Amino acid sequence: MLPASLICCELRGRVALPRFLGEADRPWMRVLVDECDRAAGHPIRELEARLREPVSGAPGDKQRLVAHVLLGGSRSRIDSAVPPREARAVVFSAAAREPVRPRTEIIAACAAEQRIEPTALAAALFADLPGERLAMPPAILDLGDLALRSNLLLAQALLARAFTVHISLEGNTRAVVRHATLRGLLCSVSHGKTGDGAHLEVSGPFALFRRTLLYGRALGSLVPVLAWTRRFRLEAECEVRLRPVTVTLATGDPIFPSTEPRRFDSQVEERFARDFGRAAPAWTIIREPEPLAVGRHLIFPDFAIHPRSDPARRWLLEIVGFWTPEYLAQKLQRLREARIPNLVLCLDEERNVGEGDLPETCKVIRYRRRIDPGAVLAALAEAEFR
Amino acid sequence: MHLRFDHGTIVLSDLPSGIDLTDLPGVMWDPRIGALRAPAMHHPALRDALDLRGVRYTDDLDRTTGLVGAWTEPELRPYQDDALWAWQSSAQRGVVVLPTGSGKTRLAVAAMARVRCPALALVPTRVLLEQWLRELTLAFTGPVGCLGDGQRRIEQVTVSTFESAWRQMDRLGDKFGLVVVDEVHHFGDGVRDEALELCAAPRRLGLTATPPRGPAADRLAELVGPTVLELSVGDLAGRYLAPFQLVTLRLDLDPEERRRWEHSVALYRPALQAFQRDCPGASWADFTRSAFRTEHGRCALAAFRQSREILSFPSAKRAAVTALLARHADSRLLVFTPDNATAYAVAREHLIMPITCDISRPERASALERFRRGELRALVSARVLNEGIDVPEAEVAIVVGGTQGEREHVQRIGRLLRPREGKIAVAYELVMRGTAEVAQSRRRRAGLAPRQSHLL
C-alpha cells in the first residue's frame, strides 16, 4: 500500500483530486526508466539515490510516486564471493574468540580459510542487505503500463483512507457486489436509472461506530474490479492529510484493471451453462441478467433462459449451492418476499432446506453435484402447460 | 432476541417489541441491516445488561468449550503471585506493570493456566511471536496456533502479532475467552486499539514495563482494564533483578561536525518554531505532515534528518564505542543504535553481529542462540532488541543513541536485568554535549527511577 506521504492529489476545499499520470508525464518518466536500466549491476541504494534526484519537468510528488513503483517492481541479485550469512557466521565468531585482535587481521585470517581475498570477504558480509543487492534490468519498461500501475496504486491508497464508498455502476454489478461481500464489506444495493444500473453503498460493519481505516485494503481492492464495469462513478468519503475530503473516480480514469472477474460463482454454474447450451440449442441462456428490485434490495439471478423463438417465455434460474446456513436463510427469505412467478430454484440436496422455507411461487429442482438440463426443461414444460 | 458475532461486532436481531434497547453498552442502530450492533468488546456488558432487564435472548458466542490440552502452571515469585491475585480480583481484567526481566511471560502463562479457556496472546513483533510460541509450547500440551510472520494457524491457544490481530480480529474475535496483550503500552492511542474492540473476550490481561500516562492510560483501562499492580526496576533490582549502574559519557562533536550540525539546525529550527507558533500543542507528526507539503518544509525536514545523522555516530562516539568494547572484552555486550545505518557501521567497524529487520528470522534466532552460548560476544541493534527479547547473558549495554525516548530506554536497559549469580549490569549512554541529546538523556533516565511498590 502506498504510504500517505506519496499520495499525490490536489485538495480543493473538501474535494481531493488525484493527480493521475498521463501523456504529458511520459518524457520525465522515460528518464526514470532509463535510470533503472543504467543502474543494472549497481547497488539498489545507488538506484534509490538516482531516482530521488530532481528530473527536469517532473512534478516532485509524481516523481516520488513513480520512483516508488519502479523500486517496488525492481528485481535484484546478491553478488558475493561467499553467501553473506556464511560470511557473517565465520567472521563474527572469529572476532568473538579474539576480541582484541585487529579487524583487518581477523578478516584476513577468515578469508584465507575461505580461500578468497580479504576485500571479497569484507564485501560479502552485508551484500544481501536491501540497499546492497545489485539492481537488475527493470521489470516495467512500458511507460503506459507504468503510468496505469502508478495510478491504480494512487487510487487504491486514497480509497484505503475511505470510510464509506458510494458507487453508481452499470454492467458487472454482481461481480462488484460479490467482491465486496467476500472482503467482509456490507453492500447495500439499490436500483439505478437504467435497466442493469445499480447504486452500491459499501462500508465495513465496524464503520458504524467510527471512521475507521480497518477496511481500507478491502475498499481499495474494489478499484481494479470497477474497471470491468461498463460505466461507474465512485464517491468515497476519505481522510487525506488529516482533512475529511471526497474522492471521485469514474469510468475513463486511467487505472490499471484487475484480471477479468470470474464469470461463474462455481463449477456447478459453469457446468450447467455448458450442459444447457448443448442440451437445449433452441434456447438462449444469459449469464447474470439484470437484477430484480425487492424492497430496498436487489436480487441477482444466476441465469435467464428463454426459447430463441419466443423471448417472452423468459425464466430466471437461481442456483443455491455451497453457502452458510445464515446466508441461505436470508436468501430464501428475500426470494419468498420477491414472489417472482417465473423463477426456477436449483437446490443442492446437501442443503438442509425444508419445503416450508421455499418460495411458494417458484419451481424447485434438487441436484447433487450437477444440474440436469433435461430436468430443468421438463420442469419448465410442466409449469408452462399448467 | 438473538446475539451473534458479525465481523468484530455483535448484532442484536429479532428485537423484542416495546423495549428500547438503544441504551445498551456500545449499541447503535445499523440501518444497513435493520438491527442493533455493538463493538464485540461490549459483549460481556451486553449480556449483563440484558440479564439485568430480564430480556430473554439466545447467544451464538459460546466459548465454554473445554481446552484440548493441559497446562502446567509455572511456579511464581511472590510479586508475580501478588500480580495474579490482583488481576483475578479485578474480574480478570487489568494491566500488570513489571520491569523487563521480572517474568511477565511467566505470569501470563500462569493466568492462562488458571483460567483454562481458549486464549489469545498478542505481541508486537515477529521475534516475540516466536519467543511466546516457545514458552507456550513448553507449558501447554495442546497445539499452539500462530498468526503472523507468514503463518495462519488458529488454535484454542494462539499467539498473534498486533498487526495480524488488527487485520484479522473481525474473523477471530469470537473464538477466545482470554486475551493477553504483551507490551500493552502500544495500545491506548492508535488505530491498533481496534483489534481489542473487535474482540469479544471477557477476560483481558495487559503486560508492560512502561505504562502510558494521561488519556492513553484511560483508554487502555477501557480496552483491557485498570492497572492492578505496578513495580519498577528500582523496586526489584538487587533481589529479583540484577543490580545495575548507569554511566553517562558526555562527548564533544569535532569542529567540522559541530559546524555542520549547527548549520542543519539553523535550517530546520525556524520552520519548526514558526509551525509551533501557528499550531500550539501540535505534535511532531503534525509538523512533518505539514512540512511535507511545501518545498521549504521538505528542506527543513531534510536538514533535520541531516542533524540526526551527524549525531547518530560522530567521531567521538566511534572512539567511545571502540574504547568500551576493549574495556569489556570479556563481557557479553549489547550495542543500541538510533538507526539501522549506524548499526551496520558499528557491525562493520567492530565485527559485531547486527540484529536488524533486514537479517532473516532464522539467522537472528541463530545469532541470539550463539550469543547465549558465548560464541558471539556482542550484538548491535537499532530496534529489534528493544522489546521482549530474552538475552539473560548480556551484562553491558552501550546506548549509542535512540529515537523513541524514555520508553525505549527503559526497555533497552531491561535487556541487561535478567538476574544471574554475581551479575552487575552496566549501561553506558553516549551523549553529545551542547545538543538535543542532553535533554533527551535527562528525560529518558526518568523512567528508571524507583517507584513506590504498590498493589493498586
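Residues numbered from 1 in each chain as written. Chains lettered and ligands numbered in written order. Predicted model: local features only at pLDDT ≥ 70, side-chain atom pairs only at ≥ 80, totals over all residues.

1. Structural notes on the overall build of chain B
For step 1, the next point in the chain: Helix and strand counts for chain B stand at 16 helices and 20 strands.
For step 2, the next point in the chain: Expected size for 456 residues packed as a compact globule is a radius of gyration near 23 Å; at 25 Å, chain B falls within 12% of this value.
For step 3, the next point in the chain: In terms of principal-axis extent, the alpha carbons of chain B reach across some 80 × 55 × 40 Å.
For step 4, the next point in the chain: Here the analysis covers contacts within chain B between residues at least 6 apart in sequence; of these, 74% occur between residues at least 24 apart. (Helix = DSSP H or I, 4+ residues; strand = E, 2+ residues; numbered from the N terminus. Rg over C-alpha atoms; globule rule 2.2 N^0.38 Å. Contact = placed C-beta atoms within 7 Å.)

2. Side note on the sheet that holds strand E4 (residues 35-39) of chain B
For step 1, the next point in the chain: Sheet architecture is open: 5 strands sit in the order E3-E4-E2-E1-E5 (chain B), paired in mixed fashion. Lying at the two open borders of the sheet, with one neighbouring strand each, are strand E3 (28-30) and strand E5 (58-59) of chain B. (Pairing = 2+ DSSP bridges.)

3. Notes on the domain arrangement of chain A
For step 1, the next point in the chain: What the domain assignment reports for chain A is domain 1 (4-77 + 132-148), domain 2 (84-124), domain 3 (160-250) and domain 4 (267-385).
For step 2, the next point in the chain: Using only C-alpha atoms to locate each centre, domain 1 of chain A and domain 4 of chain A end up separated by 50 Å. (Domains from an automatic or database assignment.)

4. Description of the packing of helix H1 (residues 26-39) of chain A against helix H3 (residues 60-72) of chain A
All names here are of chain A.
For step 1, the next point in the chain: At a minimum axis separation of 11 Å, H1 and H3 run at an interaxial angle of 35 degrees. The way H1 lies across H3 gives a crossing that is right-handed. Packed against H1, whose contacting residues are Trp28, Met29, Leu32 and Cys36, the element H3 presents Gln63, Val66, Ala67 and Leu70 at the interface.
For step 2, the next point in the chain: Classifying every residue of the contact of H1 with H3 gives 7 nonpolar, 1 polar and no charged. (Axes fitted to C-alpha atoms, helices over the stretch in contact; angles between N-to-C directions. Left-handed = near helix turned anticlockwise from the far one by under 90°. Nonpolar A, V, L, I, M, F, W, Y, C, P; charged D, E, K, R; others polar.)

5. A closer look at the interface of chain A and chain B
For step 1, the next point in the chain: The interface is formed by 27 residues belonging to chain A together with 26 residues belonging to chain B.
For step 2, the next point in the chain: Looking at the side of chain A that touches chain B, the elements with two or more residues in it are helix H4 (84-97), helix H5 (103-114) and strand E6 (186-191) of chain A.
For step 3, the next point in the chain: Examining the composition of the side of chain A that touches chain B, we find that 7 residues originate from one element, H4 of chain A, more than from any other.
For step 4, the next point in the chain: Broken down by class, the residue content of the side of chain A that touches chain B amounts to 18 nonpolar, 5 polar and 4 charged.

6. What about the sheet that holds strand E14 (residues 315-320) of chain A?
Residues and elements named next belong to chain A.
For step 1, the next point in the chain: Taken in spatial order, the 5 strands make up an open sheet running E10-E13-E14-E15-E16, and their pairing is mixed. With one partner strand each, in any of the chains shown, strand E10 (283-287) and strand E16 (363-367) form the two edges of the open sheet. Adjacent strand axes in the sheet meet at a mean angle of 25 degrees when their direction is disregarded.
For step 2, the next point in the chain: Both E14 and strand E15 (residues 343-348) contribute to a ladder of 5 bridges, which runs parallel. The partner of Glu318 across the bridge, within E15, is Leu345.
For step 3, the next point in the chain: Against the sheet, helix H11 (residues 267-279) touches E10 and E14, its axis set at about 160 degrees to E10.
For step 4, the next point in the chain: Running over the sheet, helix H13 (residues 373-385) touches E14, E15 and E16 and is turned about 160 degrees from E16.

7. Section: the pairing of strand E18 (residues 396-399) of chain B
All names here are of chain B.
For step 1, the next point in the chain: Alternating residues of E18 divide into Val396 and Ile398 and Ala397 and Val399, and every residue in both groups is buried.
For step 2, the next point in the chain: Of the pairings in the sheet, the one linking strand E15 (residues 333-336) to E18 comprises 4 bridges and is parallel in character. Residue pairing in the sheet places Leu333 in a bridge with Val396 of E18.
For step 3, the next point in the chain: Once the chain exits E18 it traverses helix H15 (residues 405-414) before rejoining the sheet at strand E19 (residues 425-432), and the crossover so formed is right-handed. (Buried ≥ 20, exposed ≤ 12 C-beta atoms within 10 Å, placed from the backbone. Right-handed = clockwise from strand over helix to strand, strands pointing away.)

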